[in-house]
Amino acid sequence: MSLSSRRVTLPAVMPITLQKRVIKVYSEDDTSRALEVPSDITARDVCQLLILKNHYVDDHSWTLFEQLTHTGLGRAIEDHELVMEVQSNWVMEEETKLYFRKNYAKYEFFKNPLSFFPDHMISFPSETNAALSHSGILQMFLSSSTYPEIHGYLHAKEQGKKSWKKWYFLLRRSGLYFSTKGTSKEPRHLQFFCEFSNSDMYMSLTGKKISGAPTSYGFCFKPNKSGGTRDLKQLCADDEQSRTCWMTAIRLLKYGMQLYQNYMQPYQGRSGCSPLNIAPMRRGCLRLNSHGSPIAMANMAIHRSQSWFHHKISREEAQRLILQHGLVDGVFLVRDSQSNPKTFVLSLSHGLKIKHFQIVPLEDDGKLFYTLDDGHTRFTDLIQLVEFYQLNKGVLPCKLKHYCARIAL
């Protein structure tokens, strides 16, 4: 019998099936949704699934957050990270949740690097042109051969103690160091603080309350598979600009080109979806008419149905909500004033700071108006006011661009 006529029986090839897992995802109002997902699902895949299930507009700012309730820490999970790997690092003693929310600052440093890397905190290798553009700075961060040096003062919590000490820190490709002698960068004066390949970086969401930090601009490094809070390496900056610079540079150092790929290759929006993230506002019948009729008076509270309005939240809650959505110019919300029940407050992010503007009601000839500028510009309701400042800067430092919403899943 020839070899060509022999019948060869090959073993059956079984299809590879990925194990399904159930994850629980929370929204800003603490409603939750259980999702059955494959074990290799990424954070971006989870966001896309929730966008489709809830018919949201995909503007590429939706993000999955990891929040540690007891320690008051949180971080945006990178789009490419595997959710199951993130959960495998959770410890029993810490209540950890996944949140689905918007983060407008996620890739803002690719669009506007000038805001993230102030000149006094960054230096370049000696062979580099000192007049390097900010786009050139990003290219250096993403390069495998060169890396800018980030330097400045940070407060560090001493291991096993409650005390904090201020040191001069330097971020290099090999890790984070601090100088034991003033601002000296000599190798004999530099002491290693941490590296990032086996740890994740978290932002403090509770300011000074839990950690006892000297400022409210805290962040920390939590080793994977760690035993809990005792393994945290805690730092805090003197201001938001400094914290943002350090955290952005460390993200770029850790993930490099992967971050740029995440930014350049987002999910394509569904056909028919508007790319604008400003929800359509109600018009016409929702306005107060010129005669102040009873129907018009009933419409005065129509702003409560708007996604940007937050009823009875404190100044601190408003600041936390904006911080979680990303300190990008134009992120805003409107809330009730705590000091004056008859007025409202517009809370707005600009220049890495959160500013608060009082919206005052005025009565003129029996008609009620709202104003931000002592009556020079008047609006019949808050919806009209927000629409105006979305199109015009007016007395504000910038236009209203992105609203903070408490979505329900």
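This is a predicted model, so every value here is computed, not measured.

A. The arrangement of the overall build of the protein in detail. Counting its secondary structure elements, the protein contains nine helices and 19 strands. Counting all 409 residues of the protein, 50% fall into the buried class. Of all intrachain contacts in the protein linking residues separated by at least 6 positions in sequence, the fraction that spans at least 24 positions is 57%.

B. Region of interest: the environment of Leu368. Structurally, Leu368 is set in strand 18 (residues 367-371). The exposure class assigned to Leu368 is partly exposed, which follows from its relative accessible area of 24%. A C-alpha to C-alpha distance of 8.7 Å links Leu368 and Phe379, two positions eleven residues apart in sequence.

C. Local environment of the environment of Lys342. Assignment of secondary structure puts Lys342 in the loop between strand 15 (331-336) and strand 16 (344-350). Distance in space between the C-alpha atoms of Lys342 and Pro361 is 7.4 Å, their sequence separation being 19 residues.

D. Broad picture of unusual backbone geometry. Unusually for a residue other than glycine, Lys312 sits at a positive phi of about 55°. As for its placement among the helices and strands, Lys312 is situated in the loop between strand 14 (309-310) and helix 8 (315-325). Look at Lys312 and you get exposed, because its relative accessible area is 66%. Backbone geometry places Asp365, a non-glycine residue, at a positive phi of 55°. Considering the arrangement of structural elements, one finds Asp365 in the loop between strand 17 (353-364) and strand 18.

E. Focus on the nonpolar core. Counting 50 residues, the largest nonpolar core has Phe117, Ile150, Leu171, Leu176 and Phe221 as its most contacted members. Once you skip the residues sitting within four places of it in the chain, Ile150 turns out to touch Phe117, Met121, Ile122, Phe141, Phe169, Leu170, Leu171, Cys245, Trp246 and Ala249. Formed by 43 residues, the second largest nonpolar core is a distinct cluster that contains Val86, Val334, Cys398 and Leu409.

F. Molecular detail of helix 9 (residues 382-391). The element helix 9 is largely enclosed, with a buried count of seven among its ten residues. Among all positions of helix 9, only Leu382, Ile383, Leu385, Val386, Glu387, Tyr389 and Gln390 are buried. On its buried face, helix 9 sits against strand 14, strand 15, strand 16, strand 17 and strand 18. With a side-chain oxygen lying 3.2 Å from the backbone nitrogen of Ile383, the N-terminal cap of helix 9 falls on Asp381.

G. Layout of the side chain of Ser337. Mapped onto the fold, Ser337 is located in the loop between strand 15 and strand 16. A polar contact of 3.2 Å, which involves the side chain of Ser337, links it to the backbone nitrogen of Asn340.

H. Representation of the pairing of strand 17 in the model. Alignment of strand 16 against strand 17, held across seven bridges, turns out to be antiparallel. The residue bridging His350 from the neighbouring strand is Lys353, located in strand 17. Linking strand 16 to strand 17, which pair antiparallel, is a turn of two residues; within it Gly351 sits at a positive phi near 60°.

I. Fine view of the environment of Leu259. Within the fold, Leu259 resides in helix 6 (residues 257-264). Residue class for Leu259 comes out buried when judged on its relative accessible area of 0%. It is 8.4 Å that separates the C-alpha atoms of Leu259 and Asp79, two residues lying 180 residues apart in sequence. In contact with Leu259, not counting residues within four places along its chain, are Glu78, Tyr107, Phe109, Phe110, Arg251 and Leu252.

J. Spatial organisation of the pairing of strand 12 (residues 217-223). Among the seven residues that make up strand 12, five are buried, leaving the element largely enclosed by the rest of the structure. Here strand 11 (residues 199-204) pairs with strand 12 via five bridges, running antiparallel. Note that in strand 12 the partner of Ser199 across the bridge is Pro223. Where strand 12 lies against strand 13 (residues 233-237), five bridges are found, and the strand directions are antiparallel. Its bridge partner lying in strand 13, Cys220 is registered against Gln234.

K. Broad picture of the packing of helix 5 (residues 240-255) against helix 6. Remark: helix 5 packs on helix 6, axes separated minimally by 6 Å, with the N-to-C direction vectors making an angle of 100°. Taken together, the axis directions place helix 5 and helix 6 in an arrangement best described as roughly perpendicular. Residue-level inspection shows Arg251, Leu252 and Tyr255 of helix 5 in contact with helix 6, the latter providing Met257, Gln258 and Leu259.

L. Local environment of the packing of aromatic side chains. Here the structure, examined in full by the defined rule, presents 24 aromatic pairs. Ring geometry for Phe110 against Tyr263: centres 5.0 Å apart, planes inclined by 20°, an arrangement best described as stacked. Residue Phe110 is located in helix 3 (residues 108-111), and its partner Tyr263 is located in helix 6; the two are separated by 153 residues in the primary sequence. Accessibility expressed as a relative area gives 12% for Phe110, which makes it buried.

M. Summary view of a nonpolar patch on the surface. Taken together, the side chains of Met257, Tyr260 and Met264 define a hydrophobic patch exposed on the protein surface, amounting to about 270 Å² of accessible area. Structurally, the position occupied by Met264 is in helix 6.

N. Region of the structure containing the side chain of Lys102. Mapping Lys102 onto the fold places it in strand 5 (residues 96-102). A distance of 2.8 Å separates the side chain of Lys102 from the side chain of Asp59, its partner in a polar contact.

How each quantity is defined
- Residues numbered from 1 in each chain as written.
- Predicted model: local features only at pLDDT ≥ 70, side-chain atom pairs only at ≥ 80, totals over all residues.
- Heavy atoms only, no water.
- Helix = DSSP H or I, 4+ residues; strand = E, 2+ residues; numbered from the N terminus.
- Buried < 20%, exposed > 50% of the residue type's maximum accessible area, 1.4 Å probe, protein only.
- Contact = heavy atoms within 4.5 Å.
- Core = buried A, V, L, I, M, F, W, Y, C linked by side-chain atoms within 4.5 Å.
- Polar contact = N/O pair within 3.5 Å; in protein donor to acceptor, adjacent residues only side chain to side chain.
- Pairing = 2+ DSSP bridges.
- Axes fitted to C-alpha atoms, helices over the stretch in contact; angles between N-to-C directions.
- Parallel < 35°, antiparallel > 145°, perpendicular 65-115°, else oblique.
- Phe/Tyr/Trp six-rings, centres within 6.5 Å; stacked < 30°, edge-to-face > 60°.
- Patch = residues over 30% accessible without salt bridge, like charges linked within 9 Å, V, L, I, M, F, W, Y side chains within 5 Å.
- Areas by Shrake-Rupley, 256 points an atom, 1.4 Å probe, with all protein chains shown as cover.
- Salt bridge = Lys/Arg side-chain N within 4 Å of Asp/Glu carboxyl O.

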